[in-house]
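Spelled out from the first residue to the last, the chains are:
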Amino acid sequence: MRKPTGDVVIAGLGLAGSLLSLRLAERGFKVMAFEPVESSYVKPCGEQLTLEELPLRLAKAYDVIKTIVNFVHVFVEGKYVTTTNMSGNSKWAIIDKPRLIMSLRRSALDNGVDVIRRPWNGERGALTIDSRGPYNLPLSSEVLALRVIAKVPAWSSEEATLDFRPSSGGLYWVFPYDDSGHLINVGAGFVGLYDAVHLEGLVRGYIKEKISPCFDVLEVKGAPINVFTNPSLSTGDIINVGEAAGLVMAWSGEGNRPSIVSAEALAGAIASYGVEDRTSILKKYSEGISSLLSSAVLSRLLTRASYRSPLAEGLLRNMPKWAWDLYVRQELSLGDFLRTVPQAIASMLVRREDKR
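Residues numbered from 1 in each chain as written. Predicted model: local features only at pLDDT ≥ 70, side-chain atom pairs only at ≥ 80, totals over all residues. Heavy atoms only, no water.

A. Up close: the overall build of the protein. A tally of regular secondary structure across the protein gives 10 helices and 16 strands. Since a compact globule built from 356 residues should have a radius of gyration of about 21 Å, the 21 Å found for the protein is in line with a globular shape. Referenced to the eigenvectors of the C-alpha coordinate spread, the extents of the protein come out at roughly 70 × 45 × 40 Å. Each of the 356 residues in the protein was classed as buried or not, and the buried ones make up 54%. The contacts in the protein between residues at least 6 apart in sequence include a share of 73% that link residues at least 24 apart. Put simply, the protein shows about 15,200 Å² of open surface, and 52% of that area lies on carbon and sulfur atoms. (Helix = DSSP H or I, 4+ residues; strand = E, 2+ residues; numbered from the N terminus. Rg over C-alpha atoms; globule rule 2.2 N^0.38 Å. Buried < 20%, exposed > 50% of the residue type's maximum accessible area, 1.4 Å probe, protein only. Contact = heavy atoms within 4.5 Å. Areas by Shrake-Rupley, 256 points an atom, 1.4 Å probe, with all protein chains shown as cover.)

Structural data, given as structure tokens:
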């Protein structure tokens with residue numbers, strides 16, 4: 001590792017920014033971070049984390065795993081399609097994301113990170129990194145995601161539901177919120193729907209229709225998610241990380257694993273070259289997250305292809321089970337997806353013939 005020189009400015013202390021700040025401070029870099037929100041971090045995600053090596057290590061280190069999801073049920077337009085059984089080898093954890101981020105922030109402070117409690121106004125360091133969320137992006141690039149934490153009579157803490165609605169350009173999700181068997185995280189997001197009141201009504205209606213007519217709402221939160229802007233690791237002289245780099249899986253909204261993986265990769269690249277050689281940093285950073293970049297691009301292609309397409313519902317319903325299993329495990333590649341299309345079309349044609 002090269003000896004740290006100069007200083008690093010980081011805009012935003014969400015998951016990517018707080019982890020990156022900590023990792024750089026641990027390596028001896030002088031870090032100044034801008035974060036206006038001092039209270040506990042809250043964002044309307046499902047708090048799902050794909051348990052690859054780096055995310056799993058971090059989740060265990062900070063003891064933030066609430067429960068493990070072993071069964072993911074897939075629906076299309078409200079109708080059941082398939083279930084992925086991950087028992088014994090699950091990659092899905094539900095985590096306490098606010099606790100993780102606040103713990104990372106405290107660790108960063110303890111390691112000497114200088115946190116400025118106000119929005120970033122373009123301040124520069126020898127190296128400047130944008131790790132903010134999607135609030136600075138054009139509305140056309142975003143989907144408003146809203147989630148409701150509700151108490152219901154019963155819900156398995158091992159089960160989750162993804163209900164894709166291509167006709168509306170979005171999906172509903174149902175995740176356990178903890179391991180009690182009563183608290184659930186139910187959310188939705190649809191392209192072009194920015195009315196939070198309307199969206200909350202849809203989520204409440206989904207709970208009532210699909211889960212239980214009797215439920216108590218404990219909390220409602222909404223925020224935009226970037227689903228159309230392609231990933232970009234730099235903007236001018238600024239390096240982007242996490243959601244600011246577009247590293248969100250648009251078809252599912254997964255952002256926790258990409259934030260962790262990209263922050264660790266960028267920290268390693270900076271440690272290798274110091275703050276002066278930005279070109280080498282970007283090259284090593286890009287190489288370190290090449291598979292993540294490919295997945296993010298694929299997720300946007302799938303989102304564009306399925307957005308209110310008349311063929312999308314049929315294709316999704318007829319995707320082979322192996323493809324859904326790979327998708328749920330976050331292992332679906334572009335090659336895999338292209339292989340599923342002719343199989344799905346063939347299944348659609350067979351079913352049409354059977355109906356005649």
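Having seen the structure, we can now continue with the description.
B. Representation of the nonpolar core in the model. In terms of nonpolar packing, the biggest core is built from 51 residues, with Leu20, Leu24, Ile129, Leu266, Ile270, Tyr285 and Ile289 touching the most fellow members. Residue contributions to this core peak at eight residues, all from helix H5 (residues 256-273). In contact with Leu24, other than residues within four places in its own chain, are Val8, Ile10, Phe29, Val31, Ala267 and Ile270. Counting 32 residues, the second-largest nonpolar core is a separate cluster that includes Val143, Leu298, Leu316 and Tyr327. (Core = buried A, V, L, I, M, F, W, Y, C linked by side-chain atoms within 4.5 Å.)

C. Structural context of the sheet that holds strand E14 (residues 216-226). Spatial strand order, E6-E5-E11-E12-E13-E10-E14: seven strands in an open sheet with mixed pairing. Of all the strands in the sheet, just strand E6 (79-85) and E14 have a single pairing partner and so form its edges. Ignoring strand direction, the axes of neighbouring strands in this sheet form an average angle of 15°. Relative to strand E13 (residues 183-190), strand E12 (residues 170-176) is paired through seven bridges, and the arrangement is antiparallel. Paired with Tyr172 across the strands is Ala188, a residue of E13. Along the sheet, helix H9 (residues 321-328) contacts strand E5 (71-76), E6 and strand E11 (159-165); its crossing angle with E6, the most-contacted strand, is approximately 65°. (Pairing = 2+ DSSP bridges. Axes fitted to C-alpha atoms, helices over the stretch in contact; angles between N-to-C directions.)

D. Quick peek at the sheet that holds strand E9 (residues 127-130). The six strands are arranged E8-E2-E1-E9-E16-E15 in an open sheet whose pairing can be described as mixed. Since the sheet does not close on itself, it has two edges, and those belong to strand E8 (114-116) and strand E15 (234-235), each with one partner. Strand direction decides the pairing type here: strand E1 (residues 7-11) and strand E2 (residues 30-34), joined by five bridges, are parallel. Along E2, the bridge assignment pairs Ile10 with Ala33. This element, helix H1 (residues 15-26), spans E1, E2 and E9 of the sheet and lies at about 165° to E1.

E. Seen up close, a nonpolar patch on the surface. Among the surface-exposed residues, Val297, Leu301, Leu334 and Leu338 lie close enough to one another that they form a single nonpolar patch of about 340 Å² accessible area. At the level of secondary structure, the elements contributing two or more residues to the nonpolar patch comprise helix H7 (290-306) and helix H10 (334-355). Its location among the elements puts Leu338 in helix H10. (Patch = residues over 30% accessible without salt bridge, like charges linked within 9 Å, V, L, I, M, F, W, Y side chains within 5 Å. Salt bridge = Lys/Arg side-chain N within 4 Å of Asp/Glu carboxyl O.)

F. Examining the pairing of E2 more closely. Taken together, E1, H1 and E2 form a β-α-β motif whose crossover is right-handed. Bridge count between E2 and E8: three bridges; the pairing is parallel. Note on E8: the bridge partner recorded for Ala33 is Val115. (Right-handed = clockwise from strand over helix to strand, strands pointing away.)

G. Looking closely at the side chain of Ser21. For Ser21, the position within the fold is in helix H1. Beyond its immediate chain neighbours, meaning those up to four positions away, Ser21 contacts Ile10, Leu13, Val31, Ala33, Ala108 and Val113.

H. View of the environment of Ala223. With respect to the element layout, Ala223 can be found in strand E14. Classification of Ala223 as buried rests on a relative accessible area of 2%. For the pair Ala223 and Tyr194, spaced 29 residues apart in sequence, the C-alpha separation works out to 9.8 Å.

I. Just helix H4 (residues 196-211), in detail. Its 16 residues place the ends of H4 21 Å apart at the C-alpha level, agreeing with the 22 Å of an ideal helix rising 1.5 Å per residue. Buried residues along H4 sit against strand E10 (142-151), E11, E12 and E13. (Expected span 1.5 Å × (residues − 1).)

J. Layout of the pattern of salt bridges. Here the structure, examined in full by the defined rule, presents 20 salt bridges. With its nearest N and O atoms 3.0 Å apart, the salt bridge here joins Asp130 to Arg132. Among the salt bridges present, the one from Glu200 reaches Arg204, with a minimum N-O distance of 2.9 Å. On the criterion of helical spacing, the pair formed by Glu200 and Arg204 is a turn pair, its members being four residues apart in helix H4. Assessed through its relative accessible area of 33%, Arg204 is described here as partly exposed. Here the salt bridges share partners, and the residues they tie into one network are Arg23, Glu26 and Glu264.

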